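# What the coordinates show
If you want the building blocks of each chain, they are given just below.
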Amino acid sequence: MKAVIFDIDDTLYPYDVCDKAGMRSLYDTFCGYANISSYEEFELLTAQAKKAVKSRTENTAASHNRMLYVQTMCELKGIFSPEKCIRLYDSYWNIFLDNMRLFVGAAELLEEL
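I will try to describe carefully the structure that is included in this document. (Residues numbered from 1 in each chain as written. Predicted model: local features only at pLDDT ≥ 70, side-chain atom pairs only at ≥ 80, totals over all residues. Heavy atoms only, no water.)

## Here we look at helix α4 (residues 82–98)
For α4, built from 17 residues, the straight-helix expectation of 24 Å at 1.5 Å per residue is met to within 8% by its first-to-last C-alpha distance of 24 Å. Contact partners of the buried residues in α4: α1 (15–31) and α3 (66–77). (Helix = DSSP H or I, 4+ residues; strand = E, 2+ residues; numbered from the N terminus. Expected span 1.5 Å × (residues − 1). Contact = heavy atoms within 4.5 Å.)

Now the structure itself:
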């Protein structure tokens, strides 16, 4: 065997736990910049931004880019600045990574490989 390729989300760690924590952090940070009345409104804005990004970047890896999502969210709310986008992007990923835990046996699998 020369190589093993696999997707790590839900293979090595539970994606949903990390994503939910990251999205909550993004919400908290975003509320500091924009008038958002509820988490439901934030979810609608997020869905609108994702749809816009996916339509512009169809069939490319960029269609999943969180920086493009937060940039579009800021543009939709009229609060765009590069500094805000970086802070928002980091607020998601820092908490996402803090919550990442390997599934039982994943470390042993990687060691064996």
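## A short note on unusual backbone geometry
Unlike most non-glycine residues, D10 shows phi in positive territory, near 60°. Tracing the backbone through its elements, the reader meets D10 in the segment before α1. Backbone geometry places N59, a non-glycine residue, at a positive phi of 60°. Following the sequence through the fold, N59 ends up in the loop between α2 (39–56) and α3.

## Describing the packing of α1 against α3
At a minimum axis distance of 13 Å, the contact between α1 and α3 shows a crossing angle of 30°. Taken together, the axis directions place α1 and α3 in an arrangement best described as roughly parallel. Handedness of the crossing formed by α1 with α3: right-handed. Contact with α1, carried on its side by Y15, D19, L26 and F30, involves R66, V70, M73, C74 and K77 of α3 and no other residues of that element. Tallied by class, residues from the contact of α1 with α3 come to 6 nonpolar, no polar and 3 charged. (Axes fitted to C-alpha atoms, helices over the stretch in contact; angles between N-to-C directions. Parallel < 35°, antiparallel > 145°, perpendicular 65-115°, else oblique. Left-handed = near helix turned anticlockwise from the far one by under 90°. Nonpolar A, V, L, I, M, F, W, Y, C, P; charged D, E, K, R; others polar.)

## A look at the packing of aromatic side chains
By the definition in use, this model includes 9 aromatic pairs. A ring pair is formed by Y13 and F96, whose centres lie 6.0 Å apart and whose planes are at 80°; its orientation type is edge-to-face. With Y13 in the segment before α1 and F96 in helix α4, this pair connects stretches of sequence that are 83 residues apart. The exposure class assigned to Y13 is buried, which follows from its relative accessible area of 2%. Ring centres of Y92 and F96 lie 5.6 Å apart, and the angle between their planes is 40°; on these two criteria the pair is classed as tilted. Here Y92 pairs with F96, and both are found in helix α4, just 4 residues apart, close to one helical turn. For Y92, a relative accessible area of 1% corresponds to the buried category. Through successive ring pairs, a cluster of aromatic residues spans Y13, Y15, Y92, W93 and F96. Looking at R24, its charged tip hangs above the ring of Y39, at a distance of 4.2 Å from the centre. (Phe/Tyr/Trp six-rings, centres within 6.5 Å; stacked < 30°, edge-to-face > 60°. Buried < 20%, exposed > 50% of the residue type's maximum accessible area, 1.4 Å probe, protein only. Lys NZ or Arg CZ within 6 Å of the ring centre and 35° of its normal.)

Geometric values such as these leave the question of function open.
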